[in-house]
Amino acid sequence: MNPNKRSAVIAGNWKMNLTRPQAKALIEEIKPLVAGAACGVVLCVPYTDLETALSAAAGSNIKIGAQNCHWEESGAFTGEISPAMLTELGAEYVILGHSERRQYFGDTDETVNKRLLAALEAGLKVILCVGETLSQREEGKTREVLSRQATAALAGVTASQLSNIIVAYEPIWAIGTGKTATAAQAGEGNAVVRATVAALYGGEAAEALTIQYGGSMKASNAAELLAQPDVDGGLIGGASLKAADFAAIVQAASR
Ligand code: 13P
């Protein structure tokens, strides 16, 4: 992280985990542990946990977000949730383009872009995920994939809207596998994202952009990953489900 230019954000992605009582208990446990954080703290929870999470986090430094949203405001889209539904609840963030959405639920560069534009329009802050598969990496396509995904997702986004976006570089082979990217690989991926944004919006806007790393980030490797100049925080899956582990990552980002 470059503390002169950006502050870190640590976000938990709970994925499809925790019922409402479990959500409340975890947030109550996390709250005192992160109260003094010198970085942003966000928890992206299942839709059904949003109201519970918002009330448990009220008055604390923890911001709450969702893990996806549709691009239309309302209508015949069975099973979907609109950005306006999230903002009405009080959610501030939404994760978009997560590789699990791309892999299992048919999200494409195009639909990620539509979701992102609608979310920004509704006033949400977006955590945009990009990342390459193992075979893309082995074929030497990492740069091309990250640049393509970031460029496509940001189509139509104005320079001023960019300040409401965090990008998370999540190499797919490192998600939930325990196989973390090396600090150098994380730094390189994040640098590719920053260079892509610099080409689109100029160097100053790119320098101001918070870019997280995600993929098996945990207490034991967070400090090393966060020491990379282009790694401005983390998007945390598994380790965000345990208060002490999540808080330790927040602490590492607060140094
Ligand atoms: P893990 O931290 O469980 O690898 O998940 C990372 C992730 O996908 C966060 O969005």
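Residues numbered from 1 in each chain as written. Predicted model: local features only at pLDDT ≥ 70, side-chain atom pairs only at ≥ 80, totals over all residues. Heavy atoms only, no water.

Caption draft 1: View of the side chain of Asn221. On the secondary structure map, Asn221 appears in helix H10 (residues 219–226). Judged by relative accessible area, Asn221 falls into the buried class, the value being 11%. Here the side chain of Asn221 touches Ser216 through a polar contact of 3.0 Å, landing on its backbone oxygen. (Helix = DSSP H or I, 4+ residues; strand = E, 2+ residues; numbered from the N terminus. Buried < 20%, exposed > 50% of the residue type's maximum accessible area, 1.4 Å probe, protein only. Polar contact = N/O pair within 3.5 Å; in protein donor to acceptor, adjacent residues only side chain to side chain.)

Caption draft 2: Broad picture of the side chain of Thr111. If you trace the backbone, Thr111 turns up in helix H5 (residues 109–121). A relative accessible area of 16% places Thr111 in the buried class. A distance of 2.4 Å separates polar atoms of two side chains, one belonging to Thr111 and the other to Asp107. If we ignore the near neighbours within four places in the chain, the residues touching Thr111 are Trp71 and Gly106. (Contact = heavy atoms within 4.5 Å.)

Caption draft 3: Structural detail: the site of the ligand. The full set of residues close to the ligand is Asn13, Lys15, His98, Glu170, Ala174, Ile175, Gly176, Gly215, Ser216, Leu235, Gly237 and Gly238. Within the contact set of the ligand, an oxygen atom lies 2.8 Å away from a side-chain nitrogen or oxygen of Lys15. Note that an oxygen atom of the ligand is positioned 2.7 Å from one of the backbone N or O atoms of Ser216. Taken by itself the ligand offers 310 Å² of open surface, and the protein chains cover 95% of this. (Near = heavy atom within 4 Å. Areas by Shrake-Rupley, 256 points an atom, 1.4 Å probe, with all protein chains shown as cover.)

Caption draft 4: Geometry of the packing of aromatic side chains. Overall, the coordinates contain two aromatic pairs when judged by the stated rule. Consider the rings of Tyr104 and Phe105, whose centres lie 6.3 Å apart with planes at 85°: the pair is edge-to-face. Aromatic side chains Tyr169 and Tyr213 sit 6.3 Å apart centroid to centroid with 65° between the ring planes, which places their arrangement in the edge-to-face category. Residue Tyr169 is located in strand S6 (residues 165–169), and its partner Tyr213 is located in strand S7 (residues 211–214); the two are separated by 44 residues in the primary sequence. In this pair, the class of Tyr169 matches that of Tyr213, namely buried. (Phe/Tyr/Trp six-rings, centres within 6.5 Å; stacked < 30°, edge-to-face > 60°.)

Caption draft 5: Local environment of the nonpolar core. Ile64 and Leu128 are the most contacted members of the largest nonpolar core, which totals 68 residues. Among the elements that take part in this core, helix H11 (residues 243–254) stands out by supplying seven residues, more than any other. With residues up to four places along the chain from it excluded, the contact list for Ile64 reads Ile27, Leu43, Val45, Leu50, Ala53, Leu54, Ala57, Ala91, Glu92 and Tyr93. One finds Val42, Cys44, Ile166 and Ala168 within the second-largest nonpolar core, a separate group that totals 11 residues. (Core = buried A, V, L, I, M, F, W, Y, C linked by side-chain atoms within 4.5 Å.)

Caption draft 6: Structural detail: the pairing of strand S5 (residues 125–130). Within S5, five of the six residues are buried, which leaves it mostly tucked inside the rest of the structure. The sheet contact formed by strand S4 (residues 93–96) and S5 spans four bridges and is parallel. Paired with Leu96 across the two strands is Leu128, which belongs to S5. Two strands pair when backbone bridges link them, and S5 and S6 are joined in this way by five bridges, in the parallel orientation. Looking across to S6, one finds that Val130 is bridged to Tyr169. (Pairing = 2+ DSSP bridges.)

Caption draft 7: Structural detail: the UniProt feature "binding site: substrate" (unreviewed entry) in the protein. In the numbering used here, UniProt assigns the "binding site: substrate" (unreviewed entry) feature to Asn13, Trp14, Lys15, Gly176, Ser216, Gly237 and Gly238. On the basis of their most widely separated C-alpha atoms, the annotated residues across 226 residues gather in one place, lying no more than 13.8 Å apart. For Gly176, the location among the structural elements is in the loop between S6 and helix H8 (183–201). With relative accessibility at 74%, the residue Gly176 sits in the exposed group. Examined against the element boundaries, Gly237 turns out to sit in the loop between strand S8 (233–236) and H11. (UniProt positions renumbered as here; feature names shortened; annotations may be inferred.)

Caption draft 8: View of the UniProt feature "active site" (unreviewed entry) in the protein. If you check UniProt for "active site" (unreviewed entry), the listed places come out as His98 and Glu170 in our numbering. These annotated residues cover 73 residues of sequence, and their C-alpha atoms all fall within 8.4 Å of one another, placing them together at a single site. Look at His98 and you get buried, because its relative accessible area is 4%. Ignoring anything within four residues of it in the chain, the contact list for His98 reads Asn13, Lys15, Cys129, Glu170 and Ile175. Locating Glu170 in the fold gives a position in the loop between S6 and H8. What makes Glu170 buried here is its relative accessible area of 6%. Polar side-chain contacts of Glu170 include one of 3.0 Å to the side chain of His98.

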